[in-house]
Amino acid sequence: MRWTLNRLALAITSMVALAFLVPLAVATRQIAYDRAVSDARQQATSLVTVLGVDADPTLLTNAVASTTAGSESRLAVHLPEMAAIGVSHTSDAQIAVAAEARRSALAAVGGGMVYLQPTVLTDGRTVVVEVFVPDAELTRGVWAAWFVLGGLAIVLVAGSTLLADRLGSRLVRATRELSGSARRLGSGELDTRVTPDGPRELRDAANAFNTMADDLKSLLDRERELAADLSHRLRTPLTALRLDAEAMPPGPIGERMRQACDLLDEELEAIIKGARLGVQARGQETTDLVEVLADRLAFWSVLAEDQERPWEVVGGDEPVLVAVPRSELIGVVDAMLGNVFSHTPERVAFRVTVSPAGLLVDDAGPGIANPSLSVQRGVSGAGSTGLGLDIVRRAAEMVGGQMVIDRSPLGGARVGIYLQAPARPRKVRRTVS
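Keep in mind it's a predicted model, so treat the numbers as computed, not measured. (Residues numbered from 1 in each chain as written. Predicted model: local features only at pLDDT ≥ 70, side-chain atom pairs only at ≥ 80, totals over all residues. Heavy atoms only, no water.)

Asks: What's the story with the sheet that holds strand S2 (residues 85-86) in this structure? I'm lost.
Replies: Hydrogen bonds between backbone atoms are what pair the strands of a sheet, whose relative direction is either parallel or antiparallel. Read across the sheet, 5 strands follow the order S2-S1-S5-S4-S3 without closing on themselves; strand pairing throughout is antiparallel. Looking at which strands have only one partner, the edges of the open sheet turn out to be S2 and strand S3 (105-109). As defined by bridge partners, S3 adjoins strand S4 (residues 112-120) across 5 bridges and the pair is classed as antiparallel. Considered in S4, the bridge of Val-109 is made with Gly-112. (Pairing = 2+ DSSP bridges. Helix = DSSP H or I, 4+ residues; strand = E, 2+ residues; numbered from the N terminus.)

Asks: Looking at this structure, I do not really get the pattern of salt bridges. What am I missing?
Replies: Under the criterion given, the structure shown has 14 salt bridges. For Asp-191, the salt bridge goes to Lys-217, with nearest N and O atoms at 2.6 Å. Separated by 26 residues along the polypeptide, Asp-191 in the loop between helix H6 (142-186) and helix H7 (200-233) and Lys-217 in helix H7 bring together distant segments of the chain. With a shortest N-O distance of 2.7 Å, Asp-362 and Arg-414 are connected by a salt bridge. (Salt bridge = Lys/Arg side-chain N within 4 Å of Asp/Glu carboxyl O.)

Asks: Looking at this structure, how should I read the nonpolar core?
Replies: Residues Leu-289, Met-336, Leu-337, Val-352, Leu-359 and Val-392 are the most contacted members of the largest nonpolar core, which totals 33 residues. If you list the elements that add at least two residues to this core, you get helix H11 (289-306), helix H12 (326-343), strand S9 (350-355), strand S10 (358-363), helix H14 (388-398) and strand S12 (413-418). It is H12 that contributes the most residues to this core, 9 residues altogether. Non-local contacts of Met-336, meaning those with residues more than four positions away in its chain, are made with Leu-359, Val-361, Val-392, Val-415, Gly-416 and Ile-417. (Core = buried A, V, L, I, M, F, W, Y, C linked by side-chain atoms within 4.5 Å. Buried < 20%, exposed > 50% of the residue type's maximum accessible area, 1.4 Å probe, protein only. Contact = heavy atoms within 4.5 Å.)

Asks: How should the sheet that holds strand S7 (residues 311-315) be read in this particular structure?
Replies: Read across the sheet, 5 strands follow the order S7-S9-S10-S12-S11 without closing on themselves; strand pairing throughout is mixed. Edge positions in the open sheet fall to S7 and strand S11 (402-407), since each of these has one partner strand only. Across the sheet, the mean angle from the axis of one strand to that of its neighbour is 10°, orientation sign disregarded. Pairing between S7 and S9: 5 bridges, direction parallel. Along S9, the bridge assignment pairs Glu-312 with Arg-351. The strands touched by H12 are S9, S10 and S12; relative to S10, the strand with the most contacts, the crossing angle is about 10°. (Axes fitted to C-alpha atoms, helices over the stretch in contact; angles between N-to-C directions.)

Asks: Help me out: how do you make sense of the environment of Val-324 in this one?
Replies: Of note, Val-324 is situated in the loop between strand S8 (321-322) and H12. Here the alpha-carbon distance between Val-324 and Leu-289, two residues 35 residues apart in the chain, equals 9.3 Å. Ignoring anything within four residues of it in the chain, the contact list for Val-324 reads Glu-285, Thr-286, Thr-287, Leu-329, Met-398 and Val-399.

Asks: Quick question: what am I supposed to make of the side chain of Thr-13 here?
Replies: For Thr-13, the position within the fold is in helix H1 (residues 2-53). Every residue in contact with Thr-13, bar those within four places of it in the chain, is listed here: Leu-156, Val-157 and Ser-160.

Asks: Just checking my understanding: could you explain the pairing of S9 for this structure?
Replies: It is a general feature of regular strands that their side chains alternate between the two faces of the sheet. Direction of pairing for S9 relative to S10: antiparallel, over a ladder of 6 bridges. Following the sheet pairing, Thr-353 is matched in S10 by Leu-360. Connecting S9 to the antiparallel partner S10 that follows it, the hairpin turn spans 2 residues.

Asks: Whenever I open this one, the packing of aromatic side chains confuses me. Can you help?
Replies: Any two aromatic rings considered together are summarised by their centre-to-centre distance and by the angle between their planes. Counting across every chain of the model gives 5 aromatic pairs. On the basis of an interplanar angle of 80° and a centroid distance of 5.3 Å, the ring pair of Phe-299 and Trp-300 is categorised as edge-to-face. With respect to class, Phe-299 is no different from Trp-300; both count as buried. Measuring from ring centre to ring centre gives 5.1 Å for Trp-300 and Phe-341, while their planes differ by 25°; the resulting arrangement is stacked. Separated by 41 residues along the polypeptide, Trp-300 in helix H11 and Phe-341 in helix H12 bring together distant segments of the chain. Here Trp-300 and Phe-341 have matching classes, each one buried. Ring pairs connect the aromatic residues Phe-299, Trp-300, Trp-311, Phe-341 and Phe-350, which therefore count as one cluster. For the cation-ring pair, Arg-309 lies above Phe-341, with the distance from its terminal atom to the ring centre recorded as 4.8 Å. (Phe/Tyr/Trp six-rings, centres within 6.5 Å; stacked < 30°, edge-to-face > 60°. Lys NZ or Arg CZ within 6 Å of the ring centre and 35° of its normal.)

Asks: Sorry if this is basic, but what is going on with helix H2 (residues 57-66) here?
Replies: For an α-helix the count is 3.6 residues per turn, leaving residues at separations of three or four pointing the same way. Listed in full, the buried residues belonging to H2 are Leu-60, Ala-63 and Val-64. Take H2 and look down its axis: the buried residues cluster within an arc of 100°, on one side only. Of the exposed residues in H2, those oriented more than 90 degrees away from the buried face are Thr-58, Asn-62, Ala-65 and Ser-66. (Arc of directions from axis to C-beta.)

Asks: I'm lost on the packing of H11 against H12 in this one. Help?
Replies: Geometrically, a packed helix pair is captured by the angle between its two axes and the distance between the axes. Running from N to C, H11 and H12 cross one another at 35°; their axes reach a closest spacing of 10 Å. With respect to the hand of their crossing, H11 and H12 are arranged in right-handed fashion. Along its contact with H11, which presents Leu-289, Glu-291, Val-292, Leu-293, Asp-295, Arg-296, Leu-297, Trp-300, Leu-303 and Ala-304, the element H12 presents Arg-326, Leu-329, Ile-330, Val-333, Asp-334, Leu-337, Gly-338 and Phe-341. Here the residues of the contact of H11 with H12 are counted per class, giving 12 nonpolar, 1 polar and 5 charged. (Left-handed = near helix turned anticlockwise from the far one by under 90°. Nonpolar A, V, L, I, M, F, W, Y, C, P; charged D, E, K, R; others polar.)

Asks: Looking at this structure, I do not really get the side chain of Arg-309. What am I missing?
Replies: Along the chain, Arg-309 turns up in the loop between H11 and S7. It turns out Arg-309 is buried and unbridged, and the closest side chain with the opposite charge, Glu-346, is 6.9 Å from it. Within the local environment of Arg-309, its side chain forms a polar contact with the side chain of Thr-344, the two groups lying 2.9 Å apart. A distance of 3.0 Å separates a polar side-chain atom of Arg-309 from the backbone oxygen of Pro-345. Look past the residues within four positions of Arg-309 in its chain and what remains in contact with it is Ala-304, Val-340, Phe-341, Thr-344, Pro-345, Glu-346, Arg-347, Val-348 and Phe-350. (Lys, Arg positive; Asp, Glu negative; His and termini not counted. Polar contact = N/O pair within 3.5 Å; in protein donor to acceptor, adjacent residues only side chain to side chain.)

Asks: What should I look at first to understand the confidence of the model for the protein in this one?
Replies: Low pLDDT means the predicted coordinates in that region are not meant to be read closely. With 86% of its residues at a pLDDT of 70 or more, the protein has an overall mean of 80. Per-element confidence in the protein ranges from a low mean pLDDT of 52 for helix H10 (residues 279-283) to a high of 94 for S9. With pLDDT under 50 throughout, residues 377-385 is counted as low confidence; its partners more than four residues away or in other chains account for 13 contacts. Here residues 425-433 is modelled with pLDDT under 50, and outside its nearest four sequence neighbours on either side it reaches 0 contacts, counting other chains as well. (pLDDT = per-residue confidence, 0-100.)

The structure is reproduced here in structure tokens:
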């Protein structure tokens, strides 16, 4: 934008300068020409005055030598049937034409032009006074005037371009600040605000942006408080469930119920804390995927034992840090493992693979018939809410990775998350020789 404004100012100022300078340059040359001709006319008039007094050749010789043009060998007096007095630069034919016409004339000659002024003596003879004007005299001062005009044009064009650049710099700076603030706000920095600067329209846009950011932050704060309040309300029925679980006799079912209540209590506490932390604080949280997976497998392994499901874990020897809040990562792992228990029969084996590349869950079930439909929010082929795998997809997008749904090596479905999107293969141009 800044370069465009500079070019626009340069083009407009250049056209305006040319519109004025071209006529001024022509007028300057014409003024120099008229000045030289006027000077020649004055020189000739002074000789005509002398001829009106006395046409003696000796007197005329002295008069010619006393003039400026005569001293520079540029003036001559042509008497009938006599040689020219002074230095002549024109032909006899041009002198004869001027004498016959009896009026002043200009004639072009080599190296310049001559001014011919005929006059009639008292005895009726016609005398022609010739004044030679060289080319240098016709253009005297023209180049200096053109140089000054050209310098003035350059100064005007450069000054206007510099002024446009300063104005454009202010405009571009305000625009960049507004766009940068919009990007920071979109990335979760809710405290981002813009200092109004630049033209009135940009200042209005900056004020509107600040108002929008304030409204957005207030809206998110209300949503977080609402989520925290709703989660807190669930504590009452959870307490009732915990009492019922504690009253159950010892055994696998009672133990699983108590573990489920403990997990639900932890989840509610995490939701409340996460909601009140805010988007910006939660976005900076980092969680160990291996640790979360170990905690969740401790819960799901009890159910797998009840359903006689063989399972194994591959990897997990070193921590895998993921820029996802712990509560959300727990939801991702539960969605992937719960998908196995919800959509495969009992006694079907599954395998969990964890590494710095991501997390994969393979099963030996019937597989997923329509992978694209399974990740659509609110759409499910099994009568559920359809939010499970959508949670996995959103987590993958949060870390810049990719969700995968494919055929498992065990024969069933593979559901996983890559922490980094796989690089696309480059196209290699082959040259046929």
